[in-house]
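Reading the structure
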Amino acid sequence: QVQLVESGGGLVQAGGSLRLSCAASGPTFSIYTMSWFRQAPGEEREFVAAISSRGTNTYYADSVKGRFTISRDNAKNAVYLQMNSLKPEDTAVYYCLARRGWGRIDAEAEYAYWGQGTQVTVSS
């Protein structure tokens, strides 16, 4: 069982930056692939970024590539999402997820654990 708690969301102006954090419980954090998804009002939840268990592989949605960076610190049981050059369309609730493996990395059905989410609002 893994419990995930996101933090770091807030209100920021377009062009600004935010860093999201996800704290994970349990001694086996380092075996999980970690990802961020987001859900905007009235929209489907969508994949944002993923990082492999040891941090050697990353994958991004085209919409955030070059602006967002996912990272992890297995010693601290934490994963991060550095978001730069934020746009109003990045406004959403951001969720941290955990799973084993790497296949179909952008499919939420493949994930076993979810956090409660943190709100990010980007004003124009």
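Now for a description of the structure that goes with this document.

Conventions adopted
- Residues numbered from 1 in each chain as written.
- Predicted model: local features only at pLDDT ≥ 70, side-chain atom pairs only at ≥ 80, totals over all residues.
- Heavy atoms only, no water.
- Phe/Tyr/Trp six-rings, centres within 6.5 Å; stacked < 30°, edge-to-face > 60°.
- Helix = DSSP H or I, 4+ residues; strand = E, 2+ residues; numbered from the N terminus.
- Lys NZ or Arg CZ within 6 Å of the ring centre and 35° of its normal.
- Core = buried A, V, L, I, M, F, W, Y, C linked by side-chain atoms within 4.5 Å.
- Buried < 20%, exposed > 50% of the residue type's maximum accessible area, 1.4 Å probe, protein only.
- Contact = heavy atoms within 4.5 Å.
- Salt bridge = Lys/Arg side-chain N within 4 Å of Asp/Glu carboxyl O.

Let us look at the packing of aromatic side chains. In this structure the tally under the stated criterion is 6 aromatic pairs. Relative to Y113, the ring of Y32 lies with its centre 5.9 Å away and its plane at 90 degrees, an arrangement referred to as edge-to-face. In this pair, Y32 sits in the loop between β3 (18-24) and β4 (33-39) while Y113 sits in strand β10 (residues 113-114), placing the two residues 81 residues apart along the sequence. Ring pairs connect the aromatic residues F37, F47, Y59, Y95, Y111 and W114, which therefore count as one cluster. Here the guanidinium or amino end of R45 rests over the ring plane of Y95, the centre of that ring lying 5.2 Å away. The ring of F29 carries R72 above its face, with NZ or CZ at 4.5 Å from the centroid.

Moving on, we get to the nonpolar core. Formed by 37 residues in total, the largest nonpolar core has its most connected members in L4, M34, W36, L81, M83 and Y94. The set of elements that each furnish at least two residues to this core consists of β3, β4, β5 (46-51), β7 (68-73), β8 (78-83), β9 (92-99) and β11 (118-123). Examining the composition of this core, we find that 6 residues originate from one element, β9, more than from any other. The residues touching M34, leaving out its near neighbours within four places in the chain, are L4, C22, F29, A49, A50, I51, I70, R72, V79, C96, L97 and A98.

The subject of this paragraph is the pattern of salt bridges. Summed over all chains, the structure comprises 6 salt bridges. A salt bridge links D90 to R67, with the nearest nitrogen and oxygen atoms 2.7 Å apart. One end of the pair, D90, is in the loop between β8 and β9; the other, R67, is in the loop between β6 (58-60) and β7, with 23 residues separating them in the sequence. Comparing D90 with R67 shows no difference in burial state: the two are buried. The residue E110 makes a salt bridge to R104 at a minimum N-O spacing of 2.3 Å. A single salt-bridge network, built from bridges that share partners, covers R38, E46, R67 and D90.

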